[in-house]
Amino acid sequence: MTEESLTGCVTRYRSGFYSVQTDHGTITCRLRGRLKRSRAGGDLVAVGDRVQISRQEDGSGVIEAVHPRRSALVRPAPLDWGEYQQVLVANPDQVALVFACAEPEPRLRMLDRLLVMCERQNIPPLIVANKIDLVGEEKARAMFSVYPSLGYRLILTSVLDGSGVAELRRALKGKLTGFVGPSGVGKTSLLNAIQPELGLNVRNVSRATSKGRHTTVVREMFALEGGGYVVDLPGLRSLTLWDIEPEELDGYFPELRPLVADCQFSDCNHHNTPGCAVLKAVEEGKVHPDRYESYLRMRFGDDE
Ligand code: GDP
Ligand code: ZN
C-alpha cells in the first residue's frame, strides 16, 4: 500500500471527520487511533490546526500528527467526569469583537474581558462597533474612544447604511478571523453584508453546534472571496477567565502593564495596597475609570 504524506489545515469538523485543505485539494480525514487515545482533556485537533496526514488508497486521509499551536481560543466545557477544553479555533490571526452602539447597549465589561482573553492568547483583537446609525458616528466614536487610545483597532459599522463594511472587509482579507459578540448586535447581518450568504452559513453551523450535546459538534471556517476565513466563536461571550492567575491580570491591560513596576510593593493588588502607581494613575485621570473598574471586577469577582 502506498501512503502519501501531506500537510494541511483543518477547515471543518463534524462527527469524527475533519476536512483538511492541502495542496492536493480538500481531503476528508479521520484521526489516527493512537492520537485519540492520547487526547488529554481537550480537543486534540481543531479548526485552524495544521496537521500531517497520510492519504489512503480510497482517497480519504488519516491525521497522523498535529503541529504545535501558535494560539487557540478555548472554552472549558463541564463534563460529568470533569472539564473538557473545547478548542473553538486554533491559530486565528485576529478576533473580531462585535458590539452594537445600541439595541442592545454595548456591554463594555464584556468587551474588556474579551480583550484580556485576546491579550492572554496573544491574538490581535479587532473591535467592531455596529449599528452606528442608531446613535450617529460622533457618539459611536465617543462610546468606544478609550480603545483606540490603548492601541486596539476600532471599526465603526452600520449594516443599515453600509458604512464601515468595506473597511471591515479589507481588515478580514487574507486572515483567519474568529467572530464573537452578544446576540442581536448584528454579527450575521454584518457577515452577509461582507459577502452574500456568509452570515447565514455561519449561523447555521453555530445553531447545529449549540443544539448538540458534546458529540454532534460542527465547526467550520468559511472562505472569503478575497482570501481569508471567518469562524464563529459561540459561547465565548460567557467565558470565565479560567486560566489567568489574579496576580498576572494587570499584564493583560496594556495601560496598567507599564505602571506596575512603579508600585511600592511587588505584590501590589492595585486596590488597597499602599504606594500603588495604578491607583495614582486612576486618580490623575491617566487610566480610564471604567477600565479600572473592569480590572477590579475581573480580579476580585463580582463580575457580570
Ligand atoms: P446577530 O444575533 O448578532 O447575528 O444579529 P443579527 O444580524 O441577527 O441582527 C439583529 C438585529 O439587528 C436585526 O433585526 C438586524 O436587522 C438589526 N441590525 C443589524 N445590523 C444593524 C445596523 O447596522 N443598524 C441597525 N439599525 N440595525 C441593525
Ligand atoms: Zn499597584
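To keep things clear, this report deals only with the structure shown in the data block. (Residues numbered from 1 in each chain as written. Chains lettered and ligands numbered in written order. Predicted model: local features only at pLDDT ≥ 70, side-chain atom pairs only at ≥ 80, totals over all residues. Heavy atoms only, no water.)

1. With respect to the coordination of the zinc ion (ligand 2)
All of the protein donors around the zinc ion (ligand 2) are Cys263 (SG), Cys268 (SG), His270 (ND1) and Cys276 (SG); their distances to the metal are 2.1 to 2.4 Å. For the zinc ion (ligand 2), the four donor atoms in the first shell make angles of 105 to 114° at the metal, a pattern classed as tetrahedral. The motif formed by the donor residues of the zinc ion (ligand 2), counted along the single chain, is C-x4-C-x1-H-x5-C. Placement of the pair is Cys263 in the loop between strand E14 (229-232) and helix H8 (277-283) and Cys276 in the loop between E14 and H8, with a sequence separation of 13 residues. Classification of Cys263 by relative accessible area gives buried; the value is 8%. A relative accessible area of 9% means that Cys276 is categorised as buried. (Donors = N, O, S within 2.8 Å, 3.2 Å for Na, K, Ca; no water. Tetrahedral: all angles 85-135°; square planar, octahedral: opposite > 155°, others 65-115°. Helix = DSSP H or I, 4+ residues; strand = E, 2+ residues; numbered from the N terminus. Buried < 20%, exposed > 50% of the residue type's maximum accessible area, 1.4 Å probe, protein only.)

2. Re the side chain of Gln56
Note on placement: Gln56 falls in the loop between strand E4 (50-55) and strand E5 (61-66). Polar contacts involving the side chain of Gln56 include one to the main-chain carbonyl oxygen of Ser54, which spans 3.2 Å. (Polar contact = N/O pair within 3.5 Å; in protein donor to acceptor, adjacent residues only side chain to side chain.)

3. Some remarks on the site of ligand 1
Inspection of the region around ligand 1 gives 15 residues, with Asp133, Val159, Gly184, Thr188 and Ser189 positioned closest. Within the contact set of ligand 1, a nitrogen atom lies 3.2 Å away from a side-chain nitrogen or oxygen of Asn130. The contact in question runs from an oxygen atom of ligand 1 to an N or O atom on the backbone of Val185, over 3.3 Å. For ligand 1, the accessible surface in isolation is 590 Å², of which the surrounding protein chains cover 70%. In terms of residue count, helix H6 (residues 187-194) provides more of the shell around ligand 1 than any other element does, three residues in total. Split by residue class, the shell around ligand 1 holds four nonpolar, seven polar and four charged. (Near = heavy atom within 4 Å. Areas by Shrake-Rupley, 256 points an atom, 1.4 Å probe, with all protein chains shown as cover. Nonpolar A, V, L, I, M, F, W, Y, C, P; charged D, E, K, R; others polar.)

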